[in-house]
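# Observations on chain architecture
Residues per chain, in single letters:
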Amino acid sequence: MAQVTVTLDANLAIDAMMLSGTTNPQDAVELVLRDYLARGRRTEARTGDPADGNRLAQDRTGDTEHG
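Below is a short write-up of the structure. (Residues numbered from 1 in each chain as written. Predicted model: local features only at pLDDT ≥ 70, side-chain atom pairs only at ≥ 80, totals over all residues. Heavy atoms only, no water.)

For the protein chain, the count of helices and strands is three helices and zero strands. From first element to last, N terminus to C terminus, the protein chain shows the α and β order α-α-α. With an accessible surface of roughly 6,500 Å², the protein chain has 53% of that area assigned to carbon and sulfur atoms. (Helix = DSSP H or I, 4+ residues; strand = E, 2+ residues; numbered from the N terminus. Areas by Shrake-Rupley, 256 points an atom, 1.4 Å probe, with all protein chains shown as cover.)

Here is the structure:
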C-alpha cells in the first residue's frame, strides 16, 4: 500500500494521540482518520445519499388503487 507523509502542528498531533490513546503520532492520526471515515459510512448507511432523494420523488402514475 502506498504511504503519504503529512506534516502536522505538534499540538494537533498530541491532541490526536491523546484522543486515540496511542504513543505514536502516526498511529494516532491513522486511527482518528479511520474512525472519521467509518463514521461517515455509518451515517450514509442510515440516512442514504443524495441520489436517494430521486427515488422518493419518482412519478407514481403507474400505481393504481385497488378498491
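For the rest of this paragraph, the subject is a nonpolar patch on the surface. Taken together, the side chains of Val4, Val6, Leu8, Leu12 and Val29 present a nonpolar region at the surface, about 460 Å² in accessible area. Within the secondary structure, Leu12 sits in helix H1 (residues 10-20). Residue Leu12 is classed as partly exposed on the basis of its relative accessible area of 48%. (Patch = residues over 30% accessible without salt bridge, like charges linked within 9 Å, V, L, I, M, F, W, Y side chains within 5 Å. Salt bridge = Lys/Arg side-chain N within 4 Å of Asp/Glu carboxyl O. Buried < 20%, exposed > 50% of the residue type's maximum accessible area, 1.4 Å probe, protein only.)

Tracing the backbone through its elements, the reader meets Thr22 in the loop between H1 and helix H2 (25-47). Owing to a relative accessible area of 18%, Thr22 belongs among the buried residues under this scheme. A distance of 3.4 Å separates a polar atom in the side chain of Thr22 from the backbone oxygen of Asn24. Beyond its immediate sequence surroundings of up to four residues, Thr22 is in contact with Met17, Asp27, Ala28 and Leu31. (Polar contact = N/O pair within 3.5 Å; in protein donor to acceptor, adjacent residues only side chain to side chain. Contact = heavy atoms within 4.5 Å.)

Our focus in this paragraph is H1. By the burial criterion, the buried members of H1 are Ala13, Ala16 and Met17. The arc enclosing the buried residues of H1, seen along the axis, measures out at 100 degrees, which places them on a common side. Along H1, the residues that are exposed and aim more than 90 degrees away from the buried face are Asn11, Met18 and Leu19. Among the residues trailing H1, Gly21 stands out with phi positive, at a value near 75 degrees. (Arc of directions from axis to C-beta.)

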